[in-house]
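# Report on the structure
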Amino acid sequence: MDAQQEQVLRDVAEQNIRFIRLWFTDVSGVLKAVAIDPGELESAFAEGIGFDGSSIEGLTRVYESDMLLRPDASTFALLPRRSGDEPVARMFCDVLTPDGQPALSDPRGVLERTLARARDVGFTVMVHPEVEFYLLKATDDPLSIEPVDSAGYFDHVARDGSNDFRRRAVRTLEDMGISVEFSHHEGGPGQNEIDLRATEALRGADNIMTLRTVVEEIALSENQIATFMPKPFVEHPGSGMHMHLSLFEGESNAFFDASGQYQLSKTGRQFIAGLLRHAREISAVVNQHVNSYKRLWGGGEAPSYVCWGHNNRSALVRVPLYKPDKGKSARIEYRGLDSAANPYLAIACLVAAGLAGIEGKYDLPEEAEDDVWQLTDFERKALGIRALPHSLKDAIEALADSDLVATTLGEEAFDFVIRDKNQEWREYRAQVTPWERLKSIRLM
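Residues numbered from 1 in each chain as written. Predicted model: local features only at pLDDT ≥ 70, side-chain atom pairs only at ≥ 80, totals over all residues. Heavy atoms only, no water.

Along the chain, the regular secondary structure elements total 14 helices and 18 strands. Over its C-alpha trace the chain gives a radius of gyration of 22 Å, about what one expects of a compact globule, namely 22 Å for 444 residues. Counting only C-alpha atoms and orienting by the principal axes, one finds that the chain spans roughly 65 × 65 × 50 Å. A buried classification covers 55% of the 444 residues belonging to the chain. Within the chain, contacts between residues at least 6 apart in sequence are counted, and of these 70% link residues at least 24 apart. Of the charged side chains in the chain, 48 are positive and 70 negative; the average position of the first set lies 4 Å away from that of the second. (Helix = DSSP H or I, 4+ residues; strand = E, 2+ residues; numbered from the N terminus. Rg over C-alpha atoms; globule rule 2.2 N^0.38 Å. Buried < 20%, exposed > 50% of the residue type's maximum accessible area, 1.4 Å probe, protein only. Contact = heavy atoms within 4.5 Å. Lys, Arg positive; Asp, Glu negative; His and termini not counted. Charge placed at Lys NZ, Arg CZ, Asp CG, Glu CD.)

The buried count for strand S12 (residues 241–249) comes to eight of nine residues, which makes it a mostly enclosed element. In this structure, strand S7 (residues 124–137) lies alongside S12, joined through eight bridges in antiparallel fashion. Directly across from Val 127, in S12, lies its bridge partner Leu 245. One ladder, built from three bridges, connects S12 with strand S17 (residues 332–334); its direction is antiparallel. Its bridge partner being in S17, His 244 is matched across the sheet by Glu 333. Sheet topology places S12 next to strand S13 (residues 252–253); two bridges connect them, and they run antiparallel. In the strand pairing of S13, Phe 248 is matched with Asn 253. (Pairing = 2+ DSSP bridges.)

Right, let's talk about the nonpolar core for a bit. If you look at the biggest cluster of nonpolar residues, it comprises 97 residues, and the most contacted ones within it are Tyr 334 and Leu 409. Sorting elements by how many residues they give to this core places helix H9 (residues 343–359) first, with 13 residues. Leaving out residues up to four positions away in the same chain, Tyr 334 has contacts with Met 241, His 242, Met 243, Leu 245, Leu 275, Ala 279, Ile 282, Val 286, Leu 316, Val 317 and Leu 350. Ile 17, Ile 36, Ala 89 and Cys 93 belong to the second largest nonpolar core, which has 21 residues in total. (Core = buried A, V, L, I, M, F, W, Y, C linked by side-chain atoms within 4.5 Å.)

Counted under the stated rule, the structure contains one cavity of 30 Å³ or more. Approximately 70 Å³ is the volume attributed to the largest cavity. As for the largest cavity, its lining consists of Val 27, Ser 28, Ala 284, Val 285, Gln 288, Leu 345, Phe 416, Val 417, Asp 420 and Lys 421. Of all the secondary-structure elements, those providing two or more residues to the lining of the largest cavity are helix H7 (279–286) and helix H13 (411–429). Tallying contributions element by element places H13 first for the lining of the largest cavity, with four residues. Across the lining of the largest cavity, the residue classes break down as six nonpolar, two polar and two charged. (1 Å grid on protein atoms, 1.4 Å probe; cavity = no way out; pocket = protein on both sides within 12 Å on 5 of 7 lines; lining within 4 Å. Points joined across faces, edges and corners; volume = space filled by probe spheres on them. Nonpolar A, V, L, I, M, F, W, Y, C, P; charged D, E, K, R; others polar.)

Attention shifts here to the packing of aromatic side chains. One pass over the full model with this rule turns up nine aromatic pairs. Aromatic side chains Phe 24 and Phe 51 sit 5.2 Å apart centroid to centroid with 50 degrees between the ring planes, which places their arrangement in the tilted category. In this pair, Phe 24 is assigned in strand S1 (residues 19–25) and Phe 51 in strand S3 (residues 49–52), connecting sequence segments 27 residues apart. With respect to class, Phe 24 is no different from Phe 51; both count as buried. For the pair Trp 297 and Tyr 305, a centre-to-centre distance of 5.3 Å together with 85 degrees between the ring planes defines the contact as edge-to-face. Residue classification places Trp 297 among the partly exposed positions, given a relative accessible area of 27%. Taken together, the aromatic side chains of Phe 133, Phe 165 and Phe 228 make up a single cluster linked through ring pairs. Its end group placed over the ring of Phe 19, Arg 18 keeps NZ or CZ at 4.8 Å from the ring centre. Over the ring of Tyr 362 we find Arg 277; its NZ or CZ atom is 3.6 Å from the centre of that ring. (Phe/Tyr/Trp six-rings, centres within 6.5 Å; stacked < 30°, edge-to-face > 60°. Lys NZ or Arg CZ within 6 Å of the ring centre and 35° of its normal.)

Set out below in C-alpha cells:
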C-alpha cells in the first residue's frame, strides 16, 4: 500500500466517513458510481471491487462481464454535505480486468495511455476547460423548457438565482480541491460558464466530471434543471467547452518561444497543425451527439470550419493573448469541443492529434485573419479551409476511416463508439419533428 492510500485510510477513520462512492464513466461519458463501506476500502485498494462490466455501456461483452474497480487515492475528496447527513467521500476509479490488467475500454484508461505516450516523448499535458451550461426552470416536460433568467453575456442578474447559483457551485468545487478561475453569465438566457484552472490533463478530466455532477445536484436542490446539452434552444447560443491545452517539458512551456509569431514555438505550431489535420476524424468524439452539430452550425460563435487564428473567434483553434512576461501561460484553445463530450476520450483525441502533428512535423497553414463565417464557399476553398462535419452521420464516416482515433481509443472503445453513434443517428433519422409537421400540414 502506498503513502496516498494510507493517508486516505487515516482520513476516512479520523473524519468518521460513513460511505465512499467509487466513480467511473461509461464510454459515452455518463458517470457511474457504487458506494462501499469504509471497511472495504483497504481491499478495494489492494484487489479492486468487482462489478458486472457488461451492464455498463461499451465496457465489455456479456461473456466477459466480470470487471474490477480500483480507486485512485489521489482523487479522494469529501462530497458536499446536506444538513444532518453523514460525511461521504468519493474517488475516481480505474477499470481493470479480473487479472488486474487495465481494461482497454475504460475511458479514463484511454486518457492515461495517451498521456503516458506524451510522457514518453518528454511532455506533460495541461488543460484548462471553460464549461458552459444552461439553467432551466423545473418542469416535467422536456419539450417545454424555459431559462431561469433573461440575462446575457457577463450580466449581473439582480434579484435572481444565477449569481447565487454560481457562487454556491464555485464554493463547492473549491471545497473539493478543484480550483476555479472564473465564473460568469454567458450569452444565452439562463446560460452560465465556469472556467477551471489549468491542471494536469487526467485531473482536468476528473474535474470536469465532478463539475457536471456538482452543477446538476445543486440545480436539483434549488428546484432547477442544469443541462450540458450542446444546443437546447434554436434561437440562443449553444454550450461549448473550449479547451485550452499546453505541453510542458519539465518546468518549461513547450509552446512558448519569445521570438515566434504570437510567441508560439515550432512545437506549438505543429501541435495546432495536428489538431487541424485530424479535426474532422475526431469530431464524432469531441462532438458526440446529433445535437452537437446544431451547435456547430447554429451560429453563436461556434466554429464550423477547420482553421486557426489569433484573435479570430470564428477559428476552430485560437492562440489566446497572454502577458509577454508569462511564458508559462502560453497555450492554444480548441473551440470545437462541447459540454456533452466524454472528457476522457475527447482530451485523449485532442492530445493524440496534436502529438501526431509534432511527430509528423506537420506544417501549419496560414492563419485565417477574416471572419470565416462571412467568406463564400469559393473563398474558403481558395484558402484551403475545410468544413467540419455537418452532421453526426458525416462525423461517423470520418471517424470510421481514422487510424489515429482507432489507435488512441483502442479496438473495443473505437468499435463501441461507432456502433453507438450509428444507433443514435438511426434513431434520430426516424423521428418526425414538430418543424416537419408545421411545414407540411395545413390547418383549416
